[in-house]
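Analysis of the macromolecular model
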Amino acid sequence: VQLQASGGGLVQAGGSLRLSCKASRTILSEFNTYTMGWYRQAPGKERELVAVITTSGTINYGDSVKGRFAISKENSRKSVYLRMDSLKPEDAGVYYCYASRQSTDYWGQGTLVTVSS
């Protein structure tokens, strides 16, 4: 599977962004077996979990984004989305789309989110 993330950009603190991740090189029935999610990495920091959605629809969020971010998955489009509201400067970083299946992880190229204060 290949993952293509998009939707990053510059936004003022308090604003919103919606990230999209499109999977390719996978058929629909296989895509439905992937756990999908988003991680982010700020300069000088380790990559951290933002949100993940399992094949059963279970969702987990990183503590710092709970109540502000929402992950969703659209199987028919082989896509996963991340709605980000009430953005803070500390949310800035490169956001990576993530897929996992059969103990193998896949990563997209990342999309940059910049939040101005």
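To be clear, the structure that these remarks concern was listed above.
Small disclaimer: the values here were computed from a predicted structure and weren't measured. (Residues numbered from 1 in each chain as written. Predicted model: local features only at pLDDT ≥ 70, side-chain atom pairs only at ≥ 80, totals over all residues. Heavy atoms only, no water.)

1. Comments concerning the sheet that holds strand 1 (residues 2-6)
To summarise the sheet geometry, strands pair through backbone hydrogen bonds and adopt either a parallel or an antiparallel arrangement. Filter applied, for reference: For two strands to be treated as a pair, DSSP must find no fewer than two bridges joining them. A helix here means a DSSP run of H or I that spans at least four residues, while a strand means a run of E at least two residues long, and both kinds are numbered starting from the N terminus. For helices, the fitted line uses only the C-alpha atoms of the stretch in contact; every axis is such a line through C-alpha atoms, and the angle between N-to-C directions lies from 0 to 180 degrees.
Strand order in the open sheet formed by four strands is 1-3-8-7, with antiparallel pairing between adjacent strands. Because the sheet does not close on itself, it has two edges, and the strands there are strand 1 and strand 7 (69-74). The mean inter-strand angle of the sheet, taken between neighbouring strand axes irrespective of direction, is 15°.

2. Here we look at the pairing of strand 3 (residues 17-24)
Relative to strand 3, strand 1 is paired through five bridges, and the arrangement is antiparallel. Residue pairing across strands places Gln-4 opposite Lys-22, the latter belonging to strand 3. As paired strands, strand 3 and strand 8 (residues 79-84) are joined by six bridges and run antiparallel to one another. Directly across from Arg-18, in strand 8, lies its bridge partner Arg-83.

3. Considering the pattern of salt bridges
Test applied: Whenever Lys or Arg places a side-chain nitrogen within 4 Å of a carboxyl oxygen from Asp or Glu, that contact is recorded as a salt bridge. When accessible area is computed with a 1.4 Å probe and restricted to protein chains, residues below 20% of their type maximum are described as buried, those above 50% as exposed, and intermediate ones as partly exposed.
Evaluated as defined, the whole model comprises seven salt bridges. A salt bridge links Arg-40 to Glu-48, with the nearest nitrogen and oxygen atoms 2.6 Å apart. Residue class for Arg-40 comes out buried when judged on its relative accessible area of 5%. On the accessibility criterion, Glu-48 (34% relative accessible area) is partly exposed. Note that Glu-74 and Arg-77 form a salt bridge whose closest N and O atoms lie 3.1 Å from each other. Given the relative accessible area of 28%, Glu-74 is considered partly exposed. According to the relative accessible area criterion, Arg-77 is partly exposed, its value standing at 48%.

4. Concerning the state of the cysteines
Filter applied, for reference: Here, the term disulfide refers to a pair of cysteine sulfur atoms separated by no more than 2.5 Å.
Across all of its chains, the model carries one disulfide by this definition. Residue pairing for Cys-21: its cysteine sulfur links by disulfide to Cys-97, the two sulfurs lying 1.9 Å apart. With the S-S bond torsion at -85°, the cross-link from Cys-21 to Cys-97 turns out left-handed. Of the two residues, Cys-21 is situated in strand 3 and Cys-97 in strand 9 (residues 93-101); the sequence distance between them amounts to 76 residues.

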